Amino acid sequence: MRRDDLLERMDAIGRLVATKEGTLMLLALGSIGLETDRLDDYSDLDFFLIVEDGYKARFIDNLDWLAVEPLAYQFQNTKDGHKVMYEDGIYAEFAVFEMVEMPGIAYTPGRVVWQRDEALDTFATPKVITHPSDAAHRYEEALTNLYVGLLRERRGEQLAGFELIQVSAVNNVLLAYGETSDPFNPTRRVEAKHPDVITFLEQGVLGYGRSVEAAAAILEHIEARHSVNAVLKREIERLLQA
């Protein structure tokens, strides 16, 4: 069963990490962390390895601490970590941080798979991450996304217009709904958390080449929930009709 395979792989990594000099904690995040009830056939591994100061490069440059099964693929996607896949298809994304870095890292609470000392418990529960802006702020951001996106669209920059209208504006509308399932990505599990938003998504995310039509639907959705400045609305509508 995929769920059991993922949990066992995470535990196996923890057992191997425990044998390595300089390791302090293995912290599982997301569905492999505190939300294991979400684990399914489409889940992967997401985790932090916290190490003593001065050991970061050792664990980024040498992935022997992951060798509980053969690795088939690895890609260092940031200065802090890799994306990897085992030969059996289990996929993982991880970051390595030294203790001194942890106070400046933004992440959601995680599950301790292994730790060298209980004094490290504080790293499992970071400061709560919130979106500082309210719904009105998000709607205003979305409206300006629509306007600038339509400028790009009318200039012939359809991809740039798509990104602003069907990605940025839509994300801001989703954030206006309030609490999200993932503080770093408002699109995660939005259909389950806000099923009423599906109709909006069907009308506001239409694909490349249909950004004008999508913008009209997004504007209508915002107007039903937020007072739109008359001049800004006029200019958006002018671009919709150009």
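Above this note sits the structure.
Note that this is a predicted model, so its numbers are computed, not measured.

Novice: Could you give me a rundown of helix α1 (residues 2–17), with the residues and numbers involved?
Specialist: Relative to the 22 Å expected for 16 residues at 1.5 Å per residue, α1 spans 22 Å between its end C-alpha atoms, a close match to the ideal helical length. Listed as buried for α1 are L6, L7, R9, M10, A12, I13, G14 and V17. Contact partners of the buried residues in α1: β1 (23–28), β2 (45–51), β4 (81–86) and β6 (111–115).

Novice: Help me get a handle on the pattern of salt bridges, residues and values and all.
Specialist: Tallied over the entire structure, the rule returns 13 salt bridges. The closest approach of N and O atoms between E157 and R155, which form a salt bridge, is 3.1 Å. Judged by its relative accessible area of 30%, E157 is partly exposed. Here the residues in one salt-bridge network are K56, K79, D80 and E101, joined through shared partners.

Novice: Outline a nonpolar patch on the surface, listing residues and values.
Specialist: A cluster of nonpolar side chains, contributed by Y73, F75 and M85, occupies part of the molecular surface with about 280 Å² of accessible area. With respect to the helices and strands, the residue Y73 is situated in strand β3 (residues 71–78).

Reading guide: rules and limits
Residues numbered from 1 in each chain as written. Predicted model: local features only at pLDDT ≥ 70, side-chain atom pairs only at ≥ 80, totals over all residues. Heavy atoms only, no water. Helix = DSSP H or I, 4+ residues; strand = E, 2+ residues; numbered from the N terminus. Expected span 1.5 Å × (residues − 1). Buried < 20%, exposed > 50% of the residue type's maximum accessible area, 1.4 Å probe, protein only. Contact = heavy atoms within 4.5 Å. Salt bridge = Lys/Arg side-chain N within 4 Å of Asp/Glu carboxyl O. Patch = residues over 30% accessible without salt bridge, like charges linked within 9 Å, V, L, I, M, F, W, Y side chains within 5 Å. Areas by Shrake-Rupley, 256 points an atom, 1.4 Å probe, with all protein chains shown as cover.

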